[in-house]
Amino acid sequence: MWYISTRGLAPRVNFEGALFSGYAPDGGLFMPEELPQLDRETLCQWSRLSYPDLVKELCALFIGSELILKDDLNDLIDRAFSRFRHKEVVLSVQVEEWVERVGAVAWCHICI
């Protein structure tokens, strides 16, 4: 995956380049050149994941396995979340009442 500057004047870089350079040389922020497209089935499967597992799936979309192998990435994420008191890190619950009122899907994230 390539990352481009929000100002459009810097050369594109990979994840490592974006991570370690901070701002783009033109003063912009790096963002993905293209956003991954997720189908409904994937979103439904991901809706049942724990927060750490969801983070692993999302990070794998933006960090190429040529830079960090998926097993290594998962280990890094596990270590980053290991100090949280709640095993789920963030408790996610579907807010059905709100969904019924506005006709949309919503998720309420409560940090523990």
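Residues numbered from 1 in each chain as written. Predicted model: local features only at pLDDT ≥ 70, side-chain atom pairs only at ≥ 80, totals over all residues. Heavy atoms only, no water.

> How do you make sense of the pattern of salt bridges when you look at a structure like this?
Between side chains of opposite charge, a pair can form when the charged atoms approach closely. Under the definition given, this model contains five salt bridges. Linking Asp78 and Lys56 is a salt bridge whose minimum nitrogen-to-oxygen distance equals 2.7 Å. A residue pair is termed long-range when its members are at least 10 positions apart, and Asp78 in helix H4 (residues 70–81) and Lys56 in helix H3 (residues 51–62) qualify at 22 residues. Classification of Asp78 as partly exposed rests on a relative accessible area of 38%. Taking the shortest distance from any N to any O, the salt bridge between Asp75 and Arg79 comes out at 3.6 Å. Of this pair, Asp75 and Arg79 both sit in helix H4, separated by four residues, roughly a single helical turn. Residue classification places Asp75 among the partly exposed positions, given a relative accessible area of 37%. According to the relative accessible area criterion, Arg79 is exposed, its value standing at 54%. (Salt bridge = Lys/Arg side-chain N within 4 Å of Asp/Glu carboxyl O. Helix = DSSP H or I, 4+ residues; strand = E, 2+ residues; numbered from the N terminus. Buried < 20%, exposed > 50% of the residue type's maximum accessible area, 1.4 Å probe, protein only.)

Any link to function would need more than the numbers given here.
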